[in-house]
Amino acid sequence: MGQEGMNMYDYELFGLLVSSAFHLPMLQQTKHQSAQVSIVAGKLDANSAIQVMPDVVSFSIPDLARFRISGGDTITVQLEEGASMHLLSLYLLGSCMGAILWQRGGMLLHGSCVAKDGKGLLLTGASGAGKSTLLNRLAGEDRAMVSDIAGTTRDTIEAMRNITKLMWNNPPVMVNNL
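What this report covers is the structure whose coordinates are included nearby. Residue numbers restart at each chain and count upward from 1, following the sequence in its written direction. At least 70 in pLDDT is required for a residue's local features to be given in this predicted model, at least 80 for side-chain atom pairs to be given and counted, and no such filter applies to totals for whole chains, interfaces and linings, which use all residues. Side-chain calculation: all heavy atoms of the structure are included, whereas hydrogens and water are not.

Considerations on the overall build of the chain
Only DSSP runs of H or I reaching four residues or more are called helices, and only runs of E reaching two or more are called strands; each is numbered from the N terminus. For the chain, the helix and strand inventory stands at two helices and 11 strands. For the chain, the sequential pattern of α-helices and β-strands runs β-β-β-β-β-β-β-α-β-β-α-β-β. Relative accessible area decides the class of each residue, using a 1.4 Å probe on protein chains only: under 20% of the type maximum gives buried, over 50% gives exposed, and in between gives partly exposed. When each of the 178 residues of the chain is scored for burial, the buried share is 37%. Any pair of residues with heavy atoms lying within 4.5 Å of one another is described as a contacting pair. Of the contacts made within the chain by residues no fewer than 6 positions apart, 41% connect residues no fewer than 24 positions apart.

In structure tokens:
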């Protein structure tokens, strides 16, 4: 799913193998042979209207890019001259990947999760609502779990409270069969 003659960057994101024509510096690169999702540069229709259909989502952000998300496996981007790569990354990892997951029958949730003995609790809510703070309280200690950088809380964090071991795990995942 790569583009001929272009450097492609490989990532694992939301449980999917992603190959991108754009470097996403907030993600750790991986190596894989076959991507499930491709992010490619391409020419798109000049229509700036938002289009949402089951197999195609398209939208335009002035002074940044036009986006077309199709088939649950391709994000095509027409980048505007002088566009912010940081802002592009935010749209790719947020709105565009959310559309990919939707096209695949899943959904993207913003939350924190704690699991113990095979059972879990997922807290969802807006940024700054206190999800991580509550989970820090449950662990009985403060842990550095929050950041404006996407993927910061992906790493597994272990905490001890008395003799009980809690396993904290907050990777971005795709939720199926809701």
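Resuming the write-up.
Comments concerning the sheet that holds strand E4 (residues 51–52)
Only when DSSP finds a minimum of two bridges between them are two strands counted as paired. A sheet is described by the order of its strands in space; here seven strands give the open sequence E1-E2-E3-E7-E6-E5-E4, paired in mixed fashion. Edge positions in the open sheet fall to strand E1 (9–13) and E4, since each of these has one partner strand only.

What about the nonpolar core?
Among the buried residues, those of types Ala, Val, Leu, Ile, Met, Phe, Trp, Tyr and Cys that are joined through side-chain atoms within 4.5 Å form a nonpolar core. If you look at the biggest cluster of nonpolar residues, it comprises 31 residues, and the most contacted ones within it are Phe 67, Ile 69, Ile 75, Val 77, Leu 92 and Met 97. Going through the elements one at a time, E1, strand E2 (16–20), strand E3 (37–41), strand E5 (56–61), strand E6 (65–70), strand E7 (74–79) and helix H1 (85–103) are the ones with two or more residues in this core.

Re the pattern of salt bridges
As a working rule, side chains carrying opposite charge can pair if their charged atoms are close by. The working definition used for a salt bridge is a side-chain nitrogen of Lys or Arg within 4 Å of a carboxyl oxygen of Asp or Glu. Evaluated as defined, the whole model comprises one salt bridge. Here Glu 80 ties to Arg 66 by a salt bridge, and the two come within 3.9 Å at their closest N and O atoms. Taken together, the residues span a long stretch of sequence, with Glu 80 in the loop between E7 and H1 and Arg 66 in strand E6 at a distance of 14 residues. Given the relative accessible area of 30%, Glu 80 is considered partly exposed.

Section: the packing of aromatic side chains
When two rings of Phe, Tyr or Trp (its six-membered ring) have centres within 6.5 Å they constitute a pair, described as stacked for plane angles under 30 degrees, edge-to-face for angles over 60, and tilted for the intermediate range. A full pass over the atoms with the stated rule returns three aromatic pairs. Pairing Phe 59 with Phe 67 gives two aromatic rings, centres 4.8 Å apart and planes at 25°, and the pair type is stacked. Each member of the pair Phe 59 and Phe 67 is classed as buried. These aromatic residues form a ring-pair network of at least three members: Phe 59, Phe 67 and Tyr 91.

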